Amino acid sequence: MKNRTINNHIRNIAIIAHVDHGKTTLVDAMFRQSGIFREGQHVDDRVMDSGDIERERGITISAKNCAVRWKGVKINILDTPGHSDFGGEVERALSMTNGCVLLVDSSEGPLPQTRFVLKKALDAGLNIIVVVNKIDRKDARPAEVLNEVYDLFIDLGADENQLDFPVLYAIGREGVAMASAEEKGTDLTPLFEAILNLPGPTYDADEPFQMQVADLAYSDYLGRLAVGRILHGSLKGGENLIRVDEHDAELTVKTTKVQVYEGLKLQEAKIVEPGDIVVLAGMDKITIGDTICTKEAPRHLPRIRVDDPTVSMRFGINNSPLAGQEGKIVQSRQIRERLMLETLRNVAITVEETEDKDSFVVKGRGEFQMAILVEQMRREGFELTVGRPEVILKEKDGQMLEPVEKLLVDCDEAFMGVVTEKLALRKGRMISLTNNGSGRPRMEFSIPSRGLIGFRDEFLTDTKGTGIMNSYLDGYEPYRGEFPSRFTGSLVCDRPGKGVAYAIYNLEPRGTMFVTPNQPMYEGLIVGEHNRDNDIDVNPCKEKKLTNLRASGKDENIILTPVRPITLEWAIHFVRDDEVVEVTPQSIRLRKKVLSAQQRHQIAGKKKAGEK
């Protein structure tokens, strides 16, 4: 840079941490203490988790921008997700910042996603403030956790400057931060001061306007909005600019409106200075990673790159006999448009066409990310079918490679045996075992990513809901061989009709039922989980034969076992390769890909003949 200048009026900060370590709660407190809300104003908790799914599940799914002011300095804050499946959101958000606050739980310490987000921050050369949060916990161990954080920095190859990070201790829920764990804090002033001590964004005063699109938003009035940090120069509304796309093509665009963040809202700005995060309207076909610059100096920036996807899932139309009865949007064209719109907003998702034109292969970071996408689509009125998540394999030098994850398990000693046994069946290998005498040993495993698909539900059942498991991608290793994804078969309905209590009651000894009386059925619908490993065709619509003889006590009152509610995550883990999940705004059903029992038997016969 020829004329390197620092803009001391602005700080751009990302809040990064593992899931449930208190990021969004801390941002709430920063809002309250910076004067964003007027006195006495009613404000919901976790105000940054604005989506319905985020509020229901208590997690952050997409990174969001906001801004507060402290001592005349504008602090742009990006609240990022803590779940590894939404890592693409973190990478995108970090491209707009020049510093970050790393939150670590005072009891749990650095966990897998802490490692992931910290590595991305170190690679980007960001200034880091470490905050040990929740120090009011009874099992808090701030000194040990800080040592673990230093070890993590060293392990990730941090240089001397990066290791010299400021440390604060906080209770995010109470809105206090302290310089030492023994102090009694009163507010978040130490945190705001630490943020102001970080250097502001740098720019070249001689360079013309240049920014990179890091996020997209949409307004009913203004259309598509481009969000990004101004790297050089300033900007006014109504200017004619150049957009450089992924093919290096230069297209003329005009900014109809320039906005910046003030608190949670957008505010129109007459002129925006370098280093600020800006929202531009008037650019219809813009995508994440595009460069916006002046006509006189059309220089593009390297595009935002994120880690490759590791999981794929097939999305298709709903072609069951009940199709179109509950959802408004059922055509493959509309499903395709919705998936393509998702790729514009989420850089970690890609969509591929298939030969049959009625289904699409969606690739992403994990099955949880896929489940959230399906949940969003069903709430928007879509009907669709989705298959079982599959890991994306790679081939190198003639050898098949698969994604492998480091898995950290924290559970009671009594459950160690069953957890180790289940992971061994899924080709997991124990790397280390640490027992600190608390009765809850920590185990570390190396396990294929496909071995973790559907394991969380089993794990929680085996540990009676007390176990904690976290994982992160550790690279690719040679394929470790096949293992069974499910040890049970399916009870498959053999005819259309409505469920009958008498028939369902008599099927209960065969396995676990998923359906209730009067529920509409069709051939190929999975009505239960078979006790054995094979599929059987059953008739849940069979009525009791009536006679003209009656006797007191002859007709018994049928009491059915309560049916477990089918959740989307459980369903996509449960289905086998020849099964799909039928998703509508009102229902989640499991069914066979081929509905006709006769066709399924023919396919099975050909497969057996081919094996011989």
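The paragraphs below set out a description of the structure included in this document.

Rules of the game
Residues numbered from 1 in each chain as written. Predicted model: local features only at pLDDT ≥ 70, side-chain atom pairs only at ≥ 80, totals over all residues. Heavy atoms only, no water. Helix = DSSP H or I, 4+ residues; strand = E, 2+ residues; numbered from the N terminus. Buried < 20%, exposed > 50% of the residue type's maximum accessible area, 1.4 Å probe, protein only. Contact = heavy atoms within 4.5 Å. Pairing = 2+ DSSP bridges. Axes fitted to C-alpha atoms, helices over the stretch in contact; angles between N-to-C directions. Phe/Tyr/Trp six-rings, centres within 6.5 Å; stacked < 30°, edge-to-face > 60°. Lys NZ or Arg CZ within 6 Å of the ring centre and 35° of its normal.

## Things to note about unusual backbone geometry
The residue Lys71 is not glycine, and still its phi comes out positive at about 55 degrees. Along the chain, the position of Lys71 falls in the loop between β3 (64–70) and β4 (73–79). A relative accessible area of 59% places Lys71 in the exposed class.

## Looking at the side chain of Thr584
In this structure, Thr584 sits in the loop between β36 (579–583) and β37 (588–592). The class for Thr584 is buried, based on a relative accessible area of 1%. Sequence-distant contacts of Thr584, defined by excluding residues within four places in its chain, comprise Asn318, Glu326, Arg378, Phe382, Glu383 and Arg589.

## Here we look at the sheet that holds strand β34 (residues 526–530)
In space, the 4 strands of this open sheet follow the order β32-β34-β30-β35, with mixed pairing throughout. In the strand order of this sheet, the two ends are held by β32 (511–513) and β35 (536–538), each with one partner. Strand-to-strand, the axes of this sheet are offset by a mean angle of 30 degrees, without reference to chain direction. Two elements, β32 and β34, share 3 bridges in a ladder whose sense is antiparallel. Within β34, the position partnered with Gly511 by the bridge is His530.

## Side note on the packing of aromatic side chains
Tallied over the entire structure, the rule returns 7 aromatic pairs. Aromatic side chains Trp70 and Phe192 sit 4.2 Å apart centroid to centroid with 10 degrees between the ring planes, which places their arrangement in the stacked category. Placement of Trp70 in strand β3 and of Phe192 in helix α7 (residues 189–197) is noted, with a sequence separation of 122 residues between them. Taking the relative accessible area as the measure of exposure, Trp70 reaches 14% and is therefore buried. For Phe192, a relative accessible area of 0% corresponds to the buried category. In textbook terms, an aromatic cluster arises when at least three aromatic residues are bridged by ring pairs, as seen for Tyr150, Phe153 and Phe165. Lying over the aromatic face of Tyr476, Lys394 brings its terminal NZ or CZ to 4.3 Å of the ring centre.

## Quick word on the sheet that holds strand β6 (residues 127–133)
Strand order in the open sheet formed by 7 strands is β3-β4-β2-β5-β6-β7-β8, with mixed pairing between adjacent strands. Among the strands making up the open sheet, the edge pair consists of β3 and β8 (176–178). For this sheet, the mean angle separating the axes of adjacent strands, direction not counted, is 30 degrees. Across 3 bridges, β6 lies against strand β7 (residues 167–171) in parallel orientation. The residue of β7 that forms the bridge with Val132 is Tyr169.

## Here's the deal with the environment of Val258
Residue placement: Val258 occurs in strand β15 (residues 257–262). Separated by 13 residues in sequence, Val258 and Ile271 have C-alpha atoms that sit 8.0 Å apart. Beyond its immediate sequence surroundings of up to four residues, Val258 is in contact with Leu235, Lys236, Gly237, Gln267, Glu268, Ala269, Val272, Val278, Val279 and Leu280.

## Some thoughts on the pairing of strand β20 (residues 311–316)
Of all 6 residues in β20, 5 are buried; the element is thus mostly enclosed. Direction of pairing for β20 relative to strand β22 (residues 359–364): antiparallel, over a ladder of 6 bridges. When the sheet's bridge partners are listed, Gly316 is paired in β22 with Ser359. Across 2 bridges, the pairing between β20 and strand β23 (residues 384–386) is antiparallel. Following the sheet pairing, Phe315 is matched in β23 by Val386.

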